[in-house]
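# Observations on the three-dimensional arrangement
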Amino acid sequence: MGTSLTPEFWERFTLLLFAAMGLTFALAAFFDELALRRINRRAHRPPTGPEQTPPRVRSTDHRTSVSC
């Protein structure tokens, strides 16, 4: 047997639907704002020079000779 959807059901459904939509939009706006702040903060940093890499030590002691 099927049940009929009462007006009370539709009222609650509408209320919960709009509450969920509002929460979704608010959270989306909040996280967008956080992302934009992070991007802007990185864009306004003073540029740093390239990092110096340590010089490589040329060591061929571990290689075996392949000459014939």
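Everything here concerns the structure above.
The structure displayed is predicted, hence computed values, not measured ones.

The rules behind these values
- Residues numbered from 1 in each chain as written.
- Predicted model: local features only at pLDDT ≥ 70, side-chain atom pairs only at ≥ 80, totals over all residues.
- Heavy atoms only, no water.
- Helix = DSSP H or I, 4+ residues; strand = E, 2+ residues; numbered from the N terminus.
- Buried < 20%, exposed > 50% of the residue type's maximum accessible area, 1.4 Å probe, protein only.
- Areas by Shrake-Rupley, 256 points an atom, 1.4 Å probe, with all protein chains shown as cover.
- Phe/Tyr/Trp six-rings, centres within 6.5 Å; stacked < 30°, edge-to-face > 60°.
- Patch = residues over 30% accessible without salt bridge, like charges linked within 9 Å, V, L, I, M, F, W, Y side chains within 5 Å.
- Salt bridge = Lys/Arg side-chain N within 4 Å of Asp/Glu carboxyl O.
- Lys, Arg positive; Asp, Glu negative; His and termini not counted.
- Charge placed at Lys NZ, Arg CZ, Asp CG, Glu CD.

## Concerning the overall build of the protein chain
- When helices and strands are counted, the protein chain shows one helix and zero strands.
- A total of 68 residues make up the protein chain; the buried ones form 0% of that total.
- Summed over its atoms, the accessible surface of the protein chain is roughly 7500 Å², and 62% of this surface lies on carbon and sulfur atoms.

## Focus: the packing of aromatic side chains
- A full pass over the atoms with the stated rule returns four aromatic pairs.
- A centroid spacing of 6.0 Å and a plane angle of 20° characterise the contact between Phe-9 and Phe-13, whose relative ring orientation is stacked. One end of the pair is Phe-9 and the other is Phe-13, both in helix 1 (residues 7–43) and four residues apart, which spans about a single turn.
- Of the residues examined, Phe-9 reaches a relative accessible area of 35% and is grouped as partly exposed.

## Here we look at a positive patch on the surface
- On the surface, a cluster of positive charge is contributed by Arg-38, Arg-41, Arg-42 and Arg-45.
- Structurally, Arg-42 is set in helix 1.
- According to the relative accessible area criterion, Arg-42 is exposed, its value standing at 54%.

## Digging into the pattern of salt bridges
- With the rule as written, the count across this model stands at two salt bridges.
- Between Glu-8 and Arg-12 there is a salt bridge, with its nearest N and O atoms 2.9 Å apart. Placement of both Glu-8 and Arg-12 in helix 1 is noted, with a separation of four residues, approximately one turn of the helix.
- Its salt-bridge partner being Arg-37, residue Glu-33 comes within 3.2 Å of it at the nearest N-O pair. With Glu-33 and Arg-37 both in helix 1, this residue pair falls four residues apart, about one helical turn.

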